[in-house]
Amino acid sequence: MSEITASLHAKKKKLNHYTGFDYFLIVFMGLLALITAFPFYYMLIVSFGTYEDIHAQSIYLWPTVFDTSAYELVIGNAQFWSSVRNTLFVTVVGTALSVVIMVAAAYPLTKKTLFGGKFFFNMLIFTMFFGGGMIPGYLVVEQLGLGNSIWCMIFPCLIGPFNIILIKNYIEDLPLAIEESAKIDGANDMVILFKIILPMSTPIIATVALFVAVGNWNSYWMAMLHINKPNLYPLQLLLRNMLLNTTNSMTGVKAAIIAQEKSVYDLSLQMATVTVATVPILVVYPFVQKYFTKGIMLGGVKG
């Protein structure tokens, strides 16, 4: 008994022993984490700062004031909230439609008996390397009547070839015997897909949904090309305009400043808007993090 106890203590001591290289890695990764997190920290403290406080320090690291005027103006801006609604609609509806369509495209491609399956898969790969370009894409969207419509940010971006390949590889790695036994019991392909494949594919679906949701939340390019109505602007396009041209594009905010006789630093106002636009998508990540690594590893490597 004493030999077993001694062996366990020896193993525990060995596991708790760190080498010099281990300490180096801990310090290096800690510094890397600080460097990565610093822009978010700086964005947050500047959003609560004033012009005098920020410029009183050569390097603004430690805030001495806590001014919420910038957030009050951002939240009180009607155009900001309309942009939030547009972005939420594009993110939720666009992600849901995209995942449904990509699963519907990936599942048939896993069938070796699919007529022309190899051709369709090669054409899918082809689109990852070659595209029509911006002008043909613009003309197609306009001729389909999607200009000045919130759907121009959803329909052209529904399908991602890379995501379809991830889903396809993941489904192909599932045990084939489960599907065969379901067919013996009389289940058709739709029943197998919805009652067997999808529940077993939660990790890859959550991973792909995260990719698509982040892309939709950060999207502004299609809106910039096809939308000229401010009430249809997504949040990122409004933010882009605010950052590029404070005087012209923040008329509503400037008017609010003048009306309330408040002194708000433009940089603090910009950082407050960036913070409000960034936080929601950061909140989503922890809920799908447990699926992320498993989904991307199993779906990205063909077994």
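Remember, it's a predicted structure, so these values are computed and weren't measured experimentally. Sequence order sets the numbering: in each chain, residues are counted from 1 along the sequence as written. Owing to the predicted nature of the model, reporting of local features is limited to residues with pLDDT of at least 70; listing and counting of side-chain atom pairs is limited to 80 or more, with chain, interface and lining totals taken over all residues. The side-chain quantities take in all heavy atoms of the structure and omit both hydrogens and water.

### Description of the packing of aromatic side chains
What counts here: In this scheme Phe, Tyr and Trp rings, the latter by its six-membered ring, pair at centre separations within 6.5 Å, and the angle between planes marks the pair as stacked below 30 degrees, edge-to-face above 60, and tilted otherwise. A simple rule labels every residue: compare its accessible area, found with a 1.4 Å probe on the protein chains alone, to the largest value its type can have, and call it buried under 20%, exposed over 50%, or partly exposed in between. Only when the NZ atom of a Lys or the CZ atom of an Arg is both within 6 Å of the ring centre and within 35 degrees of the ring normal do we say a charge sits over the ring.
With the rule as written, the count across this model stands at 11 aromatic pairs. Relative to tryptophan 81, the ring of phenylalanine 80 lies with its centre 5.4 Å away and its plane at 75°, an arrangement referred to as edge-to-face. Overall, the relative accessible area of 2% leaves phenylalanine 80 in the buried class. Site record: aromatic cluster; members linked through ring pairs are Phe21, Phe24 and Phe28. Directly above the aromatic system of phenylalanine 121 lies the positively charged group of lysine 168, at a separation of 4.7 Å from the ring centroid.

### Overview of the side chain of serine 82
Note the cut-off: A helix here means a DSSP run of H or I that spans at least four residues, while a strand means a run of E at least two residues long, and both kinds are numbered starting from the N terminus. In this description, contact between two residues means that some pair of their heavy atoms is separated by no more than 4.5 Å.
With respect to the secondary-structure elements, serine 82 resides in helix H5 (residues 78-109). Sequence-distant contacts of serine 82, that is, excluding residues within four places in its chain, are made with Asn231 and Tyr233.

### Overview of the confidence of the model for the protein chain
Let me state the cut-off plainly: pLDDT is defined as a per-residue confidence score from the predictor, taking values between 0 and 100.
Averaged over every residue, the pLDDT of the protein chain is 81; residues scoring 70 or more account for 82%. Confidence scores differ between elements of the protein chain, with helix H15 (residues 251-260) showing the lowest mean pLDDT of 47 and H5 the highest of 92. Low pLDDT, under 50, characterises residues 299-303; the predicted model gives this stretch 12 contacts beyond four residues in sequence or across chains.

### Details of the state of the cysteines
Under the convention used in this document: Cysteine sulfurs are considered disulfide-paired once they come within 2.5 Å of each other.
The full count for this structure, using the stated rule, is zero disulfides. Cysteine 152 takes part in no disulfide bond, and the closest cysteine sulfur, belonging to cysteine 157, lies 8.6 Å away. Since its relative accessible area comes to 0%, cysteine 152 is described here as buried.

### With respect to the pattern of salt bridges
Quick reminder of the rule: Salt bridges are identified by distance alone: a Lys or Arg side-chain nitrogen within 4 Å of an Asp or Glu carboxyl oxygen.
With the rule as written, the count across this model stands at two salt bridges. One salt bridge connects glutamate 179 with lysine 111, and the closest N-O pair in it is separated by 1.9 Å. Residue glutamate 179 is located in helix H9 (residues 176-184), and its partner lysine 111 is located in the loop between H5 and helix H6 (117-129); the two are separated by 68 residues in the primary sequence. By relative accessible area, glutamate 179 is classed as buried at 11%. The shortest N-O distance in the salt bridge between lysine 168 and glutamate 172 comes to 2.9 Å. Note that lysine 168 and glutamate 172 are positioned in helix H8 (residues 161-172) at a spacing of four residues, about one turn of the helix. Here glutamate 172 falls in the partly exposed class, since its relative accessible area comes to 24%.

### Overview of the packing of H8 against helix H11 (residues 202-218)
For any two helices packed against each other, the geometry comes down to the angle between their axes and how far apart the axes lie. What counts here: Lines are fitted to the C-alpha atoms to define the axes, a helix being fitted only along its stretch in contact, and any angle between axes, read from their N-to-C directions, falls within 0 to 180 degrees. Any angle from 65 to 115 degrees is called roughly perpendicular, while one under 35 is roughly parallel, one over 145 is roughly antiparallel, and all others are oblique.
Interhelical geometry of H8 versus H11 gives an angle of 175° and a closest axis separation of 10 Å. Judged by the angle between their axes, H8 and H11 are roughly antiparallel. Packed against H8, whose contacting residues are Asn163, Leu166, Ile167 and Tyr170, the element H11 presents Pro203, Ile204, Val208, Phe211 and Val212 at the interface.

### Observations regarding the nonpolar core
Spelled out, the test is: Within this scheme, the nonpolar core is defined by two criteria: the residues are buried Ala, Val, Leu, Ile, Met, Phe, Trp, Tyr or Cys, and they are joined through side-chain atoms within 4.5 Å.
Ranked by size, the top nonpolar core spans 23 residues in total, and within it Val46, Tyr60, Val74, Phe80, Leu235, Leu269 and Ala272 carry the most contacts. Breaking this core down by element, the ones donating at least two residues are helix H2 (20-47), helix H4 (69-75), H5, helix H13 (235-244) and helix H16 (266-300). Per element, the largest residue contribution to this core is six residues, and it comes from H16. In contact with phenylalanine 80, other than residues within four places in its own chain, are Val74, Leu235, Leu238 and Val276. Counting 22 residues, the second largest nonpolar core, distinct from the first, contains Val99, Ala106, Tyr107 and Tyr170.

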